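# Residue-level structural notes
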Amino acid sequence: MDTKERLQRLSRIDKWFLSCGDGIIWAPPYPIALDRPGFWDEALVYYHPFAPLYSIAIVQQDGNELPLAKTGFRWQPHGMTVEWAVAGGVTLREKRSAYPGGRFESLWSCVGGCGWKDVSPSDAHLVCFTAQPGEAVRNFARSPNCGGIEWHRTLRDRHGETLDVMASLTVAGGIEADDVRWAAVRSEGTAQLPVWHRTPFWESWSRQSIPGLSDQIRIEGVSDQGLVYAALAIPLTSIGEGDAGYSIALRAEGIGRERETRSVEPQQPWVKHIESYPYFACSDDFLTRYYDYRLSGLRLNQLAGDCGNVRHPAIAEGIGYFHVPITYSAQCHMWETRWARDPSLAQGSLLNFLEHQRSDGSIHGRIYTNHLNKTDFYHANWGDAVLAVDAV
């Protein structure tokens, strides 16, 4: 069976998680915004939560949002496809994908013979917006040469340890930077909702000399509390017949190396991953498919290594504060990944712990990216697992 066909057979309508394959993942345990365009819910930069990312709206000349009704949804390991109905019989297709380097992209197209000119009779825009916690962000600026906005944000884990992250919100799909409107503004605190008319841009849109965003960054204020809203806007008239959309890239500062964020189709790394393991099939189709689900789960939780204390490629145990190497599950991952053609994941799942072994010979229960505080302790069958890796 062709590998792409194997991935298609994993399609679901009740899953939503996407992985960059390097330790940055979008897998919110309790999502509140799956029925909104974009990626509003929580991502993980290694094990540090980052929320929100961004949502998308089609905004008309008067500043009001054009209603969208979700009519279709399909998840595969490499991405989600969502179809939205617009008044007048127009259907839009949104493709949500994750790329190495912590990039999450929402790319839009018209389907069924319609064009962007059919979406709205007025001078409408495809708008991306976010609402960041004011006390945790700083250094908002235009992204050089790509028509976007970037900022720094400090994340905190459950032990109070911090990680500085560079976030960059940009356009996608070949849009010229000169066609992009932009703005960022500080606001009083409120609930962080993916609702356009709850942003300060909704009421200021029609006040501009040319309706739209102000092309200004104004985040001064008497306090750093509250929210900082940022937005980008593309006129539908500038999209032409192609696709357009937005992406956000999240990069940890001071640890690891910068990785390529978009050089291949989103399905390609998954095909490469699946093909690096032996093919399995049997008379029970459920077991055949389960095997491929397990392989996809390994890449979903894959850590690229070369990142702080996680020096080698490995598999994290899960999401949230389990998105780190943990001894309780690492022994299982050694057994599984030793079947891969490249033994680096199996070896790395062992070496990450041995290289941080304590002076008394004990091993940390988990390896955090930038500290080794409160790392717990677990009982696990490491002896057989180490022998299995050694036999590769």
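Please refer to the structure higher up on the page.
All residue numbers here refer to positions counted from 1 along the written sequence of the relevant chain. Local features in this predicted model are restricted to residues whose pLDDT is 70 or higher, and side-chain atom pairs enter the listing and the counts only when it is 80 or higher, whereas totals over whole chains, interfaces and linings include all residues. The basis for every side-chain value is the complete set of non-hydrogen atoms in the structure, without hydrogens or water.

## Thoughts on the overall build of the protein chain
Quick reminder of the rule: Where helices and strands are cited, they refer to DSSP runs of H or I of at least four residues and of E of at least two residues respectively, numbered from the N terminus. Radius of gyration: C-alpha atoms only; globule rule: 2.2 Å multiplied by the number of residues to the exponent 0.38. Partly exposed describes any residue whose relative accessible area lies between the buried limit of under 20% and the exposed limit of over 50%, with all areas from a 1.4 Å probe on protein chains only and scaled to the type maximum.
Check the secondary structure of the protein chain and you find seven helices and 20 strands. Relative to the 2.2 N^0.38 estimate, which gives 21 Å for 392 residues, the radius of gyration of the protein chain is 22 Å and therefore close to what a compact globule would have. Overall size of the protein chain, expressed as C-alpha extent along the three principal axes, is 70 × 55 × 35 Å. Residue burial in the protein chain is summarised as follows: out of 392 residues, 52% are buried.

## Some points on the sheet that holds strand 1 (residues 18-19)
Filter applied, for reference: When DSSP finds at least two bridges between two strands, those strands are taken to pair.
Strands sit in the order 1-2-4-5 across an open sheet of four strands; the sheet is antiparallel. Each edge of the sheet is formed by a strand with only one pairing partner; in this case those strands are strand 1 and strand 5 (48-50). Bridging between strand 1 and strand 2 (residues 24-26) involves two bridges; their strand directions are antiparallel. In the sheet register, Ser 19 faces strand 2, and the bridge partner there is Ile 25.

## Digging into empty space enclosed by the protein
Convention followed: Only protein atoms enter the 1 Å grid used here. Points where a 1.4 Å probe fits but cannot escape make up a cavity, open sets with protein on both sides within 12 Å along at least five of seven lines make up a pocket, and a residue lines them when an atom lies within 4 Å of a point. Grid points are joined across faces, edges and corners, and a volume is the space filled by probe spheres set on the points. Three residue categories are used. Nonpolar comprises Ala, Val, Leu, Ile, Met, Phe, Trp, Tyr, Cys and Pro, charged comprises Asp, Glu, Lys and Arg, and polar comprises the others, including Gly.
The final tally for this structure, using the stated rule, is three cavities of 30 Å³ or more. Among the residues forming the lining of the largest cavity, the class breakdown is seven nonpolar, three polar and one charged. Of the pockets and cavities examined, the second largest cavity occupies roughly 40 Å³. Around the second largest cavity sit Met 1, Arg 6, Arg 9, Leu 10, Tyr 279, Thr 288, Arg 289 and Asp 292, which together line it.

## Quick look at the environment of Gly 245
Formally: Residue contacts are defined here by distance: any two heavy atoms, one from each residue, within 4.5 Å place the two residues in contact.
Inspection of the secondary structure puts Gly 245 in strand 18 (residues 244-252). As a C-alpha pair, Gly 245 and Thr 375 span 130 residues in sequence and 41 Å in three-dimensional space. Excluding anything up to four places from it in sequence, Gly 245 contacts Ser 106, Leu 107, Trp 108, Leu 126, Thr 170, Val 171, Ala 172 and Ile 234.

## So, helix 5 (residues 327-337)
Along helix 5, the positions that sit buried rather than exposed are Thr 327, Ser 329, Ala 330, Gln 331, His 333, Met 334 and Thr 337. Where helix 5 is buried, its residues meet helix 4 (285-300), strand 20 (314-315), helix 6 (344-354) and helix 7 (382-390).

## Notes on the pattern of salt bridges
Stated precisely, the cut-off is as follows: Take a side-chain nitrogen of Lys or Arg and a carboxyl oxygen of Asp or Glu: if they are within 4 Å of each other, that pair is a salt bridge.
Following the criterion strictly, the structure yields 17 salt bridges and no others. For the salt bridge of Arg 366 with Asp 376, the shortest nitrogen-to-oxygen distance reads 3.0 Å. Residue Arg 366 is found in the loop between helix 6 and helix 7, and its partner Asp 376 is found in the loop between helix 6 and helix 7; the two are separated by 10 residues along the sequence. Overall, the relative accessible area of 2% leaves Arg 366 in the buried class. A single network of salt bridges, built from pairs that share partners, joins Arg 9, Asp 285 and Arg 289.

## Things to note about the packing of helix 6 against helix 7
The following threshold applies: Lines fitted to C-alpha atoms define the axes here, with helix axes fitted over just the stretch in contact, and angles between the N-to-C directions of these axes take values from 0 to 180 degrees. Each angle gets one of four labels, with under 35 degrees taken as roughly parallel, over 145 as roughly antiparallel, 65 to 115 as roughly perpendicular, and the rest as oblique. By definition, turning the near helix anticlockwise from the far helix through less than a right angle yields a left-handed crossing, and turning it clockwise yields a right-handed one.
Orientation of helix 6 relative to helix 7, taken along the N-to-C sense of each, is 130°, at an axis distance of 10 Å. Classified by the interaxial angle, the pair formed by helix 6 and helix 7 is oblique. The interaxial crossing formed by helix 6 with helix 7 has left-handed handedness. Taking contact as the criterion, the partners of Ala 346, Gln 347, Ser 349, Leu 350 and Phe 353 in helix 6 are, on helix 7, Trp 382, Val 386 and Val 389.

## Overview of the sheet that holds strand 3 (residues 38-39)
Strand order in the open sheet made by the six strands is 3-6-11-17-15-16, with mixed pairing throughout. Edge strands, defined here as strands with exactly one partner in the open sheet, are strand 3 and strand 16 (216-218). Where strand 15 (residues 181-187) and strand 16 come together, three bridges link them in parallel fashion. Its bridge partner being in strand 16, Ala 184 is matched across the sheet by Ile 217.

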